[in-house]
Amino acid sequence: MNEEIKSFTISIYTENNIGLLNRISAIFQRRHINIESLTTSQSEIEGVNRFVIVVNITESQAKKIIGQFQKQIEVIRAYYHTEEQTIYQESGMFKIKSDLLFDEPQIQNIIKESNARIVTVNKEFFVLEKSGRRNEIESLRRDLNIFGIMQFVRSGRIAVTKEEMKITEMLLAFNNQ
């Protein structure tokens, strides 16, 4: 029976050690799995980092990968969740020539309709920021592309689970060791 390939958000809680990112990416590389998005930051507990990784795989692959992460010494705990189990966002920034903001009324409509936010404006350029789902950011990029985008960057996914994970207690116990 063939399993369905779905988008999974993998959360890995770790110590902050040199070389860990390389070992994490090697686990995906050995299995020929492409990382769609990767974000890392401090978790809710000081001294504990959290990797948020998005991949398109089957659930059995997700279970195996979580098992591999758990074997890494610096990994405290790893989880996988479907898109339905998480609340997630990405952020995009767009740098556009300033004269377009005043000469093209359609750009102002695009900004308003997309709920984008103007971060800065100067004589040469203005910068927009849009937070939301990837398809919303990509839609804004397509709309602005006809006017010319000087620079564009999109962040990786940030996510929290809908259900309580009880990870905070585990991390506090780890931190107090």
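These numbers come from a predicted model, not from an experiment.

Examining the domain arrangement of the chain
Now for step 1: In terms of domain boundaries, the chain breaks down into domain 1 (6–87 + 158–175) and domain 2 (89–154).
Now for step 2: For domain 1 and domain 2, the distance between their C-alpha centres works out to 31 Å.

Some remarks on the pattern of salt bridges
Now for step 1: Overall, the coordinates contain 7 salt bridges when judged by the stated rule.
Now for step 2: Residue Arg 23 pairs with Glu 74 through a salt bridge whose shortest N-O separation is 2.6 Å. Of this pair, Arg 23 sits in helix 1 (residues 20–30) while Glu 74 sits in the loop between helix 2 (59–70) and strand 4 (75–82); the two residues are 51 residues apart in sequence, bridging distant segments of the chain.
Now for step 3: Judged by its relative accessible area of 30%, Arg 23 falls in the partly exposed class.
Now for step 4: Relative accessible area serves as the criterion here: at 13%, Glu 74 is assigned to the buried category.
Now for step 5: A salt bridge links Glu 83 to Arg 157; its shortest N-O distance comes to 3.1 Å. Taken together, the positions of Glu 83 in the loop between strand 4 and strand 5 (86–97) and Arg 157 in the loop between strand 8 (151–154) and strand 9 (158–161) put the pair 74 residues apart, joining distant regions of the chain.
Now for step 6: Residue class for Glu 83 comes out partly exposed when judged on its relative accessible area of 29%.

Looking at the environment of Leu 144
Now for step 1: Within the secondary structure, Leu 144 is located in helix 5 (residues 134–145).
Now for step 2: Distance from Leu 144 to Ile 107, taken between C-alpha atoms, is 7.4 Å for residues 37 residues apart in sequence.
Now for step 3: Those residues in contact with Leu 144 that lie beyond four places of it in its chain are Phe 94, Ile 96, Ile 110, Leu 128 and Ile 149.

Brief notes about the packing of helix 1 against helix 2
Between two packed helices, what matters for the description is the angle formed by their axes and the separation of those axes.
Now for step 1: Between helix 1 and helix 2, whose axes approach to 11 Å, the crossing angle comes to 150°. Viewed along their axes, helix 1 and helix 2 adopt a mutual orientation that is roughly antiparallel. Along this stretch, helix 1 crosses helix 2, giving a crossing that reads as right-handed. From helix 1, Ile 24, Ile 27 and Phe 28 reach across to helix 2, where they touch Ile 65, Gln 68 and Phe 69.
Now for step 2: Of the residues that constitute the contact of helix 1 with helix 2, the class distribution is 5 nonpolar, 1 polar and no charged.

Some remarks on the sheet that holds strand 2 (residues 35–42)
Within a sheet, each strand pairs with its neighbour through backbone hydrogen bonds, oriented either parallel or antiparallel.
Now for step 1: The strand order across the open sheet built from 4 strands is 2-3-1-4, with neighbouring strands paired in antiparallel fashion. The sheet is open, and its two edges are formed by strand 2 and strand 4, each paired on a single side. Averaged over all pairs of adjacent strands, the angle between strand axes in this sheet comes to 15°, irrespective of strand direction.
Now for step 2: Strand direction decides the pairing type here: strand 2 and strand 3 (residues 49–57), joined by 7 bridges, are antiparallel. Considered in strand 3, the bridge of Leu 38 is made with Ile 53.
Now for step 3: In the packing of helix 1 onto the sheet, the strands contacted are strand 1 (6–14), strand 2 and strand 3, and the crossing angle to strand 3 comes to about 15°.
Now for step 4: Taken strand by strand, helix 2 contacts strand 1, strand 3 and strand 4, and its axis lies near 170° from that of strand 4.

Reading the values: rules and limits
- Residues numbered from 1 in each chain as written.
- Predicted model: local features only at pLDDT ≥ 70, side-chain atom pairs only at ≥ 80, totals over all residues.
- Heavy atoms only, no water.
- Domains from an automatic or database assignment.
- Salt bridge = Lys/Arg side-chain N within 4 Å of Asp/Glu carboxyl O.
- Helix = DSSP H or I, 4+ residues; strand = E, 2+ residues; numbered from the N terminus.
- Buried < 20%, exposed > 50% of the residue type's maximum accessible area, 1.4 Å probe, protein only.
- Contact = heavy atoms within 4.5 Å.
- Axes fitted to C-alpha atoms, helices over the stretch in contact; angles between N-to-C directions.
- Parallel < 35°, antiparallel > 145°, perpendicular 65-115°, else oblique.
- Left-handed = near helix turned anticlockwise from the far one by under 90°.
- Nonpolar A, V, L, I, M, F, W, Y, C, P; charged D, E, K, R; others polar.
- Pairing = 2+ DSSP bridges.

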